[in-house]
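Inside the fold
Chain residues, written in single-letter form:
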Amino acid sequence: RQATDVNANISFGKAVTVSPILDFSASAQTICNGNSVQLTTNPSPTGAISNNWKFDDGANVLTSNQNNPSVSFTNAGAHYAELTSDFGDYMLSSLKINNFIQSSAAPSAPIVSLSQSGCSASSGSVVLSDLPANSPYDISKNGTVILTNQTGTTQNISNLSPGTYTFAVTDLATGCVSLNSDSVTIAPAANPTLSIGTVVQPTCSNGGSITVNSLPI
C-alpha cells in the first residue's frame, strides 16, 4: 500500500487556513470482480463542498461524487483509490492510495457433459470440465456444496437421481464463485413398451403368429 497526500494551504493576509487531511477505508480490500465494496471517509470531511473519487479499472477510470461511494471492478488486479475534497476558496485536499483494493476474476462456469441413465439404471452421471487448473476448488450442485478441496480440470459426478441440475465452482484461492453451468436433466429410466399388432390364430395345419410393434431400436 502506497499513499500520496496533497494538503493545500492558502493564506489571506495574516490568517493562514489549512485544509483538512483526508483518510478513508473500505468495507473490504479483497473482492471478486462484479462485487461491490463501499468506501468511507474517516472522518467525513467537514465543510467540504464536494468530494470526488477515482478508481482505476484496467484502462478505465471510475469516478464518483458521492461522499461514501460503492464501487465494483470488471478487471482483476490491484486498484488505487483517490479522494479529492474541495473546501472552497481554492482549498483542496487529496489522498491517493495505490494498490488499495485487490479484485479477482471468478472461475468459468463448468461445462457439463451428460451420461443418461439406461433401462437398468435408476441414476445418471455428468462430467464437469473447464475447472480451475491452478488452485483447489469446491463444487456445488443446485446451490449445495457436494465436493470440497478438489483439483484437476475435470470431475465426474455420478449417482444422480432423475431431476434437473446446475453446477458451480468456488475457487478456494480467491473465494470467487462461478456462474451456474447450463442445466442438465437426468430422465427416469425408460422401460420399453410393446404393442400387439396382427394376431393370426393357429389352425390344424398351421401354427399361429403374433406381430409385436414398438420394439426398441
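**Comments concerning the overall build of the chain**
When its secondary structure is counted, the chain shows zero helices and 21 strands. Residues counted as buried form 31% of the 217 residues belonging to the chain. Sequence-distant contacts, at least 24 apart, represent 53% of the contacts inside the chain between residues at least 6 apart. As presented, the chain carries roughly 12,700 Å² of accessible surface, and 49% of it is formed by carbon and sulfur atoms.

**A closer look at the confidence of the model for the chain**
Mean pLDDT over the chain works out to 86, with 82% of the residues at or above the 70 mark. In the model, residues 8-14 has pLDDT below 50 throughout and makes twelve contacts with residues more than four positions away in sequence or in other chains.

**Brief notes about the sheet that holds strand β14 (residues 137-141)**
What the three strands build is an open sheet, ordered β15-β14-β18; its pairing is antiparallel. Each edge of the open sheet is held by one strand with a lone partner, namely β15 (144-150) and β18 (167-171). In this sheet, neighbouring strand axes are inclined to one another by 20° on average, regardless of whether the strands run parallel or antiparallel. Note: β14 against β15, four bridges, orientation antiparallel. Bridge assignment links Tyr137 to a residue of β15, and that residue is Gln150.

**Comments concerning a nonpolar patch on the surface**
Taken together, the side chains of Ile196, Val199 and Ile210 present a nonpolar region at the surface, about 300 Å² in accessible area. Relative to the helices and strands, Ile196 resides in strand β20 (residues 195-200).

**Overview of the state of the cysteines**
Counting across every chain of the model gives one disulfide. Two residues, Cys32 and Cys176, share a disulfide whose sulfurs are 2.1 Å apart. On the S-S bond that ties Cys32 to Cys176, the torsion sits near -105°, and the link is left-handed. With Cys32 in strand β5 (residues 30-32) and Cys176 in the loop between β18 and β19 (184-186), this pair connects stretches of sequence that are 144 residues apart. Residue classification places Cys176 among the buried positions, given a relative accessible area of 0%.

**Quick look at the packing of aromatic side chains**
All chains considered together, the criterion is met by four aromatic pairs. With a centroid separation of 6.0 Å and an interplanar angle of 5°, the aromatic rings of Trp53 and Phe55 are classed as stacked. Note on accessibility: Trp53 and Phe55 belong to one class, buried. Members of the aromatic cluster, connected to one another through ring pairs, are Phe24, Trp53, Phe55 and Phe100. Sitting over the ring of Tyr80, Lys96 keeps its end group 4.3 Å from the ring centre.

**What about unusual backbone geometry?**
Excluding glycine, residues mostly carry a negative phi; peptide bonds, for their part, are mostly trans. A positive phi angle, close to 50°, is found at Asp89, a residue other than glycine. Mapped onto the elements of the fold, Asp89 is located in the loop between β10 (77-86) and β11 (92-104). Classification of Asp89 as exposed rests on a relative accessible area of 54%. Despite not being glycine, Asn159 shows a phi value in the positive range, around 55°. Mapped onto the elements of the fold, Asn159 is located in strand β16 (residues 155-160). On the basis of relative accessibility, which here comes to 62%, the residue Asn159 falls in the exposed class.

**Some thoughts on the nonpolar core**
General note: in soluble globular proteins, nonpolar side chains tend to be found buried as a group. By size, the foremost hydrophobic cluster in this structure holds 17 residues, and its most contacted members are Phe24, Leu39, Phe55, Phe100 and Ile101. Every element with two or more residues in this core is listed here: β6 (37-41), β7 (50-57), β10 and β11. Among the elements that line this core, the one with the most residues is β11, at four residues. Those residues in contact with Leu39 that lie beyond four places of it in its chain are Phe24, Ser25, Ala26, Trp53, Phe55, Asn68, Pro69, Val71, Phe100 and Ile101. Counting 13 residues, the second-largest nonpolar core is a separate cluster that includes Val112, Tyr165, Val184 and Ile186.

**Some words on the sheet that holds β16**
The sheet built from three strands is open, its strands ordered β12-β13-β16 with antiparallel pairing. Each having just a single partner strand, β12 (111-115) and β16 make up the two edges of the open sheet. The mean inter-strand angle of the sheet, taken between neighbouring strand axes irrespective of direction, is 20°. Looking at chain direction, β12 and strand β13 (residues 124-129) are connected through five bridges and run antiparallel. Note on β13: the bridge partner recorded for Val112 is Leu128.

Conventions adopted
- Residues numbered from 1 in each chain as written.
- Predicted model: local features only at pLDDT ≥ 70, side-chain atom pairs only at ≥ 80, totals over all residues.
- Heavy atoms only, no water.
- Helix = DSSP H or I, 4+ residues; strand = E, 2+ residues; numbered from the N terminus.
- Buried < 20%, exposed > 50% of the residue type's maximum accessible area, 1.4 Å probe, protein only.
- Contact = heavy atoms within 4.5 Å.
- Areas by Shrake-Rupley, 256 points an atom, 1.4 Å probe, with all protein chains shown as cover.
- pLDDT = per-residue confidence, 0-100.
- Pairing = 2+ DSSP bridges.
- Axes fitted to C-alpha atoms, helices over the stretch in contact; angles between N-to-C directions.
- Patch = residues over 30% accessible without salt bridge, like charges linked within 9 Å, V, L, I, M, F, W, Y side chains within 5 Å.
- Salt bridge = Lys/Arg side-chain N within 4 Å of Asp/Glu carboxyl O.
- Disulfide = S-S within 2.5 Å.
- Phe/Tyr/Trp six-rings, centres within 6.5 Å; stacked < 30°, edge-to-face > 60°.
- Lys NZ or Arg CZ within 6 Å of the ring centre and 35° of its normal.
- Core = buried A, V, L, I, M, F, W, Y, C linked by side-chain atoms within 4.5 Å.

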